[in-house]
Amino acid sequence: MKKILSFILVLGFVFLLAGCNSTPDKLVIWTFTTDLEVAGDITNFEDQYTAEGKMYEGMEVEVIVVETATYMQTILPVLESGVGAPDVLTGELDMIQQFNEAGYLADLEALMEADVDVDVAIEKADYQDYIWQSGENADGNLTALSWQVTPGAIFFKVDLAEEVWGDQAGFPTDPTATDYNALVSTWVGNNKFDSLASLLAAQIEVKAFDSSYRLFSDDQAVRHFAAGTDSPAKWLDSDGKINPAKITEQIPYINLVKDMYGETIEDSLTANAGEWSGEWFAGMGEKITSLDDDWKVMAYSMPTWGITYVIEPSMERVDADGDACTLPETATDADKLACTYKGNWGMATGPNSYFWGGTYLAIREDSKAQEVAFAFIKSMLFDKDRLAERQAEDGDTYSMSSVMDPAIASYEGRPSLGGMNHLEIFYAEAAKIDLSNVTLYDRRLSTLLGNHINLYKTGDYDTLAATLTGFYADVETTLNEIYQEGLPTS
Amino acid sequence: MEKKYSKYGYGFIAPFFLVFATFSLYPVFYTLYLSFTRYPGYGKPEFIGLKPYSLVLQDSMFWESLSNTIRMWGVNIVLQIALAVVLVMIFSDIKYKVKGLKFFRVVYYLPNLISAAVVAMIFAKVLDSNYGILNEILGKMGFITEPIKWLTKPFLAQMSVSGVQTWMWFGNSFILFIASVQAVSKDLFEAARVDGANRFQILRNITIPSIKPIVIYVLITGLIGGLQLFDIPYLLTDGLGAPSGGLNTVVVYIYNKAFTYNAYGIAAAASYILFTIITIVAIVFLIMGNRSSIKAHFAKRKEMRLSKEGGRNE
């Protein structure tokens with residue numbers, strides 16, 4: 001028995017020593033996206049830093065991917081306890097804000113300053129303002145940074161727009177013009193998508209033109225324009241309480257959603273096909289088929305990544321004769337050439353600039369492998385040659401001008417958008433984004449208000465005042481710390 | 001010697017208690033602690049006393065979610081037991097002598113083996129008002145001209161959830177019921193039949209009494225599970241209780257408070273309120289189901305007391 005006990009004690013001691021080992025042998029990365037692996041970022045880091053003869057030779061890189069929906073509830077306890085916590089972590093903006101609030105993130109700017117290869121001033125000038133600004137904590141220290149900007153737009157089918165509005169004054173008249181999609185986009189953006197009132201009028205016009213046509217698939221498409229301005233009010237006032245001005249700002253949007261609603265597609269201004277549903281995707285192609293009818297959807301609100309990963313895979317394609325064709329599941333480059341995009345899409349900015357998503361990179365404050373973690377960040381964010389190659393590969397809009405300026409200048413245009421230079425539009429939109437009004441509560445309050453707007457549109461609330469009163473009651477229970485009396489009800 | 005070995009026994013059972021304490025007991029007490037705090041999921045919880053309880057108890061949505069849960073559970077449990085009893089009647093009827101019980105037991109139990117997430121995804125597609133297969137079939141067969149709003153009208157959505165739950169769980173109840181009926185001697189059924197008892201007399205006097213303890217078991221476990229109804233209503237629509245809050249069950253309410261709105265203190269308080277409600281209802285069910293044995297127990301105690309008092313008086 002004594003021998004067994006001694007053996008267990010020795011074993012425990014060995015494990016204890018192993019735990020105390022100060023040289024990390026593994027870099028742990030937690031992420032909500034498979035992007036890092038798919039785009040070859042991990043392989044690139046390994047080639048540069050952990051391969052034979054490199055600075056961190058033999059070091060293992062462990063990537064843990066947790067789906068977005070459960071990312072926060074999985075990572076927060078890990079960060080709180082520190083057990084098994086990552087060295088490098090990714091997050092969307094609101095996640096990064098929560099990490100910052102809790103003090104989990106290392107001062108990236110300090111690490112940059114300590115590194116001879118990185119010049120903070122040059123990098124700050126190179127990055128889009130909103131990306132740099134969004135990565136700063138309450139003390140103004142940079143803790144997270146993203147290689148991409150994710151401004152959004154309204155993508156729409158140019159041929160449907162031409163059918164509906166082609167005879168209106170100023171609508172481009174020459175469909176053979178090389179920049180036809182761009183011209184239509186400008187006209188539609190200026191005349192039909194420029195305000196919440198225009199969006200409502202446009203939906204009515206589309207439905208009136210043909211009862212099977214709809215501008216949007218469902219009302220989620222307009223949620224990005226809830227503020228209706230590029231300078232939105234903050235959700236919280238200077239006392240940290242819910243801001244009455246923000247409520248007033250949301251009222252036109254609430255009324256818009258109410259006006260768009262119909263229980264059946266016939267009654268609705270949308271196709272009642274919820275975001276991410278099969279029908280929603282189908283609408284990006286030729287049509288959606290329901291019980292008795294086919295429905296055509298003209299437009300989708302999507303950010304930068306939406307065109308590549310969401311809309312293009314569902315778009316109509318045509319062969320050399322202009323007939324509809326579909327790509328085989330494992331399409332070769334030759335298949336893609338033989339069956340190309342119809343090129344019938346355009347993109348316009350909506351009533352206000354917005355962004356959606358984006359992957360930020362950060363280092364955990366208590367990481368034992370901060371040096372290696374920073375090397376990874378360097379390989380991802382400050383190696384501009386590699387970033388230029390990456391951008392050319394994925395066609396996404398990046399956040400640094402040293403990468404985007406040449407990319408925009410040499411860009412031949414996106415075939416699916418009829419040759420439009422979407423990078424230029426997105427990059428210009430990104431410059432308009434102002435994050436000074438973002439608070440920690442934005443997503444939660446928007447979701448909470450969204451629930452009550454849904455009750456209003458379906459008739460569970462009779463009036464706007466009842467809707468807002470219900471919302472305030474919910475805020476009082478759920479987020480009591482920001483609730484205050486005397487909020488507006490009209 | 002015996003004493004020495006008995007000490008080893010504690011070592012052998014220790015792993016279970018360690019796991020139980022870590023993964024069951026600790027969360028139970030930590031949740032209790034959180035229910036007195038304001039906690040966004042990170043940092044240090046701020047102690048605010050009974051405020052989370054008072055906020056939840058005053059929240060009409062909490063009570064609405066409880067009422068939704070009871071409605072969905074109630075319809076489900078009645079349908080589930082009724083369907084299982086009808087099947088038990090058919091399969092235990094000595095006149096019908098239905099063959100293939102083993103096959104049907106497997107078939108009826110199959111829906112219970114499919115993950116709730118898959119079931120919800122399938123039914124979300126099937127029941128979609130505008131694009132669903134069910135409305136399409138009904139329409140093509142000429143039964144409907146307007147789509148039925150399975151998932152957009154609160155009452156229909158709740159009944160859809162009850163239907164799905166019944167489909168998933170009736171096989172489980174059937175297996176339990178048929179097992180207890182099979183434990184009863186066939187001679188009893190035959191004797192009843194020979195004595196001229198009809199099918200309903202057999203059901204009332206033999207079948208139901210034989211499955212009564214199992215019905216109570218199904219009711220109590222169904223109640224505990226039913227009041228924690230989450231996966232199907234959460235996944236069938238938007239996860240926030242649509243349509244019109246009709247699918248907002250107590251656990252969907254708790255989940256969203258914690259993981260959508262980061263209000264862990266509120267969620268913890270609501271969890272403890274639900275725990276209290278389940279405990280009370282389970283006790284009521286237990287008492288109702290064991291009325292005769294409880295009465296007998298108290299009658300026996302009274303008799304013993306009287307006989308003791310009688311003995312003293314003598």
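For clarity, every value in this text was computed on a predicted model and none was experimentally measured.

### What about the pairing of strand β1 (residues 26-31) of chain A?
All names here are of chain A.
Thinking step 1. Counting buried residues in β1 gives five out of six residues, a clear majority hidden from the surface.
Thinking step 2. Strand direction decides the pairing type here: β1 and strand β2 (residues 60-65), joined by six bridges, are parallel. Residue Lys 26 lies in a different strand from β2, and its bridge partner there is Glu 60.
Thinking step 3. Pairing geometry for β1 and strand β3 (residues 88-91), over two bridges, is parallel. Within β3, the position partnered with Trp 30 by the bridge is Leu 89.

### A look at helix α5 (residues 93-102) of chain A
Residues and elements named next belong to chain A.
Thinking step 1. Most of α5 is tucked away: eight of the 10 residues are buried.
Thinking step 2. Packed against the buried residues of α5 are α4 (68-81), β3, α8 (129-134), β4 (144-146), β13 (360-363) and α20 (442-457).
Thinking step 3. Remark: Gly 103 follows α5 within two positions and exhibits a positive phi of approximately 75 degrees.

### As for the sheet that holds strand β9 (residues 317-318) of chain A
All names here are of chain A.
Thinking step 1. Pairing within the open sheet is antiparallel, and its three strands lie in the order β10-β9-β11. In the strand order of this sheet, the two ends are held by β10 (324-325) and β11 (340-341), each with one partner.
Thinking step 2. As defined by bridge partners, β9 adjoins β10 across two bridges and the pair is classed as antiparallel. From the neighbouring strand, Arg 317 faces β10, where its bridge partner is Cys 325.

### Quick look at the sheet that holds β2(A)
Residues and elements named next belong to chain A.
Thinking step 1. A sheet is described by the order of its strands in space; here five strands give the open sequence β2-β1-β3-β13-β4, paired in mixed fashion. Here the strands that pair on one side only, and so sit at the sheet edges, are β2 and β4. In this sheet, adjacent strand axes meet at a mean angle of 20 degrees when their direction is disregarded.
Thinking step 2. Relative to β13, β3 runs antiparallel, the two being bridged by four bridges. Opposite Thr 90, over in β13, you have Leu 361 as the bridge partner.
Thinking step 3. The strands touched by α5 are β3, β4 and β13; relative to β3, the strand with the most contacts, the crossing angle is about 130 degrees.

Cut-offs used in this document
Residue positions are counted from 1 within each chain, in the order its sequence is given. Ligands are numbered from 1 and chains lettered from A, in the order in which they are written. Only residues with pLDDT of 70 or above have their local features reported here, since the model is predicted, and side-chain atom pairs are shown and tallied only from 80 upward, although totals for entire chains, interfaces and linings are computed over all residues. Only hydrogens and water are removed before side-chain values are computed, so all heavy atoms of the structure are retained for them. The buried label goes to any residue with under 20% of its type's maximum accessible area, the exposed label to any with over 50%, and the partly exposed label to all in between, with areas taken from a 1.4 Å probe on protein chains only. The secondary structure listing takes helices from DSSP runs of H or I that are at least 4 residues long and strands from runs of E that are at least 2 residues long, numbered from the N terminus. Think of it this way: DSSP has to see at least two bridges between two strands before they count as a pair. Here, residues are in contact when the closest pair of their heavy atoms is within 4.5 Å. Only the stretch in contact is used when a helix axis is fitted, and all axes are lines through C-alpha atoms; the angle between N-to-C directions ranges over 0 to 180 degrees.

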